[in-house]
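Tertiary structure, described
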Amino acid sequence: MKKAKRILALIGVLLLLGMYGSTMVFALMKSPAAKGLLMGSIYCTIAVPVLLYAMTLITRRLKDKNQDLRREQEQREKEEEDDSAQ
């Protein structure tokens, strides 16, 4: 699991570096499509990290909630076993 996270993080870094590089290239280009490409590249440079951060927050929140629900269920089952044993 740790190795997979590292690989995904490396892919993310490479993706961000590629977006920054493409933004620089599009800014220096002198073609009619350069302005549109630059705006799209700037948008992706901002939007992709924000979306990744949001997904990370949501994943953590759901994971914590799932663990809390499991603990509550285990407590209920344990209480039911104790009640039935008496």
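Residues numbered from 1 in each chain as written. Predicted model: local features only at pLDDT ≥ 70, side-chain atom pairs only at ≥ 80, totals over all residues. Heavy atoms only, no water.

What to know about a negative patch on the surface
What counts, and what does not: For patches, a residue must show more than 30% relative accessible area and have no salt bridge; joins then use 9 Å for like charges and 5 Å for nonpolar side chains, namely Val, Leu, Ile, Met, Phe, Trp and Tyr. The accessible surface values rely on the Shrake-Rupley method and a 1.4 Å probe; as for residues, cover is taken only from the protein chains in view. A side-chain nitrogen of Lys or Arg and a carboxyl oxygen of Asp or Glu constitute a salt bridge if their distance falls within 4 Å. Counting rule applied: Lys, Arg positive; Asp, Glu negative; His and chain ends not counted. Working definition for charges: the position is that of NZ of Lys, CZ of Arg, CG of Asp or CD of Glu. Helix and strand labels come from DSSP, where a helix needs a run of H or I of at least four residues and a strand needs a run of E of at least two; each type is numbered from the N terminus.
A contiguous patch of negative charge, built from Glu-74, Glu-77, Glu-79, Glu-80, Glu-81, Asp-82 and Asp-83, is present on the exposed surface. Mapping Glu-80 onto the fold places it in helix α2 (residues 34-85).

Quick word on the layout of surface pockets
The test is simple: A pocket here means an open set of points on a 1 Å grid, computed over the protein atoms alone, that has protein on both sides within 12 Å along at least five of seven lines. A cavity is instead a set of points where a 1.4 Å probe fits but cannot get out; residues with an atom within 4 Å of a point line either one. Grid points are joined across faces, edges and corners, and a volume is the space filled by probe spheres set on the points. Put simply, Ala, Val, Leu, Ile, Met, Phe, Trp, Tyr, Cys and Pro go in the nonpolar bin, Asp, Glu, Lys and Arg in the charged bin, and everything else, Gly too, in the polar bin.
Roughly 450 Å³ of volume is contained in the largest pocket. Met-1, Ala-4, Lys-5, Leu-8, Gly-12, Leu-15, Leu-16, Leu-52, Met-55, Thr-56, Thr-59 and Lys-63 are the residues that line the largest pocket. In terms of residues, the lining of the largest pocket owes the most to one element, helix α1 (residues 2-28), which gives six residues. Looking at the lining of the largest pocket, its residues break down into seven nonpolar, three polar and two charged.

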